[in-house]
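So you can see what is in the structure, the chains are spelled out below.
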Amino acid sequence: MAADTSFLLIGTLAAQANTTKDTVRHYDQLGLLKSRKRQAGSRLYTEFHPECVERIELIKSAQAIGFTLIEIKDSLNDYYDGQLDIDLQLMLTQQKLAQVRKQQANISVMVEMLSERIDILERMRTDSDYKIDVEVCKKKIPLQP
C-alpha cells in the first residue's frame, strides 16, 4: 500500500509556511495543527495536513493583532470544523480592541512623561543652576489598568 504523499513532513511545512520547525512543533503541541504519526522502519514521523500552511498563516496573523496562542486555538479549530460562533468572535475581537486602545493610551502617557524627563535632563545639562521642581516630578498621570 502506497503512503499518502499529500501530508507534509515538518521541514516541508516549515518552509512552505515561512517559519521554523520549532514553531511547527510548538503549534502542534498546543493542538493548533492537524498532524498524524507515521511509522517508517524504526522511526516515528509526524506528518502534517496540507491545510496547516494556511493555519500557520492565520495563527501568525492573529498573533500580529494581539491574540495569544491560547486565545487562537479554540477559534481556529472551530473555524476549520465549520462551527465558528461569529457573535462570540465579534465580542472577543471587540474586547481585544478595547484592551489595545488602553495600551495605546498608556503608551501615549509614557511618551509624554519620558519627553518631559528628557526636557528636564537637557535643561540640567545646559544650566548647572537649574533646580528640579519636585512637584513636576511627582506629577503622576494615571495609567489605565
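Below is a short write-up of the structure. All of these numbers come straight from a predicted model, not from anything done at the bench.

1. A look at the overall build of the protein chain
Alright, step 1. Looking only at helices and strands, one finds six helices and three strands in the protein chain.
Alright, step 2. Secondary structure elements in the protein chain, listed N-terminal to C-terminal, are β-α-α-β-β-α-α-α-α.
Alright, step 3. Looking at the protein chain as a whole, 23% of its 145 residues qualify as buried.
Alright, step 4. Put simply, of all contacts in the protein chain between residues at least 6 apart along the chain, 53% involve residues at least 24 apart.

2. As for the packing of aromatic side chains
Alright, step 1. In this structure the tally under the stated criterion is one aromatic pair.
Alright, step 2. Ring geometry for Tyr79 and Tyr80: centres 5.1 Å apart, planes at 85°, overall edge-to-face.
Alright, step 3. The class of Tyr79 is partly exposed, set by a relative accessible area of 46%.
Alright, step 4. Above the face of the Phe7 ring, Arg36 is positioned so that its terminal group lies 3.7 Å from the ring centre.

3. Concerning a nonpolar patch on the surface
Alright, step 1. Together, Leu88, Met91 and Leu92 make up a nonpolar patch on the protein surface, roughly 220 Å² of accessible area in all.
Alright, step 2. On the secondary structure map, Met91 appears in helix 5 (residues 86-126).

4. Considering the nonpolar core
Alright, step 1. Core analysis: the largest hydrophobic core is formed by 20 residues, its most contacted members being Leu13, Val24, Leu33, Ile59 and Ile72.
Alright, step 2. Take this core: its biggest share by element is five residues, from helix 3 (residues 52-64).
Alright, step 3. Those residues in contact with Ile72 that lie beyond four places of it in its chain are Leu32, Ile59, Ala62, Gln63 and Phe67.

5. Observations concerning the pairing of strand 2 (residues 35-40)
Alright, step 1. Bridge count between strand 2 and strand 3 (residues 43-48): six bridges; the pairing is antiparallel. What sits directly across from Arg38, in strand 3, is Tyr45.
Alright, step 2. The turn linking strand 2 back onto strand 3 is made up of two residues, and Gly41 within it adopts a positive phi angle of 65°.

What counts as what
- Residues numbered from 1 in each chain as written.
- Predicted model: local features only at pLDDT ≥ 70, side-chain atom pairs only at ≥ 80, totals over all residues.
- Heavy atoms only, no water.
- Helix = DSSP H or I, 4+ residues; strand = E, 2+ residues; numbered from the N terminus.
- Buried < 20%, exposed > 50% of the residue type's maximum accessible area, 1.4 Å probe, protein only.
- Contact = heavy atoms within 4.5 Å.
- Phe/Tyr/Trp six-rings, centres within 6.5 Å; stacked < 30°, edge-to-face > 60°.
- Lys NZ or Arg CZ within 6 Å of the ring centre and 35° of its normal.
- Patch = residues over 30% accessible without salt bridge, like charges linked within 9 Å, V, L, I, M, F, W, Y side chains within 5 Å.
- Areas by Shrake-Rupley, 256 points an atom, 1.4 Å probe, with all protein chains shown as cover.
- Salt bridge = Lys/Arg side-chain N within 4 Å of Asp/Glu carboxyl O.
- Core = buried A, V, L, I, M, F, W, Y, C linked by side-chain atoms within 4.5 Å.
- Pairing = 2+ DSSP bridges.

These figures capture arrangement, not role.
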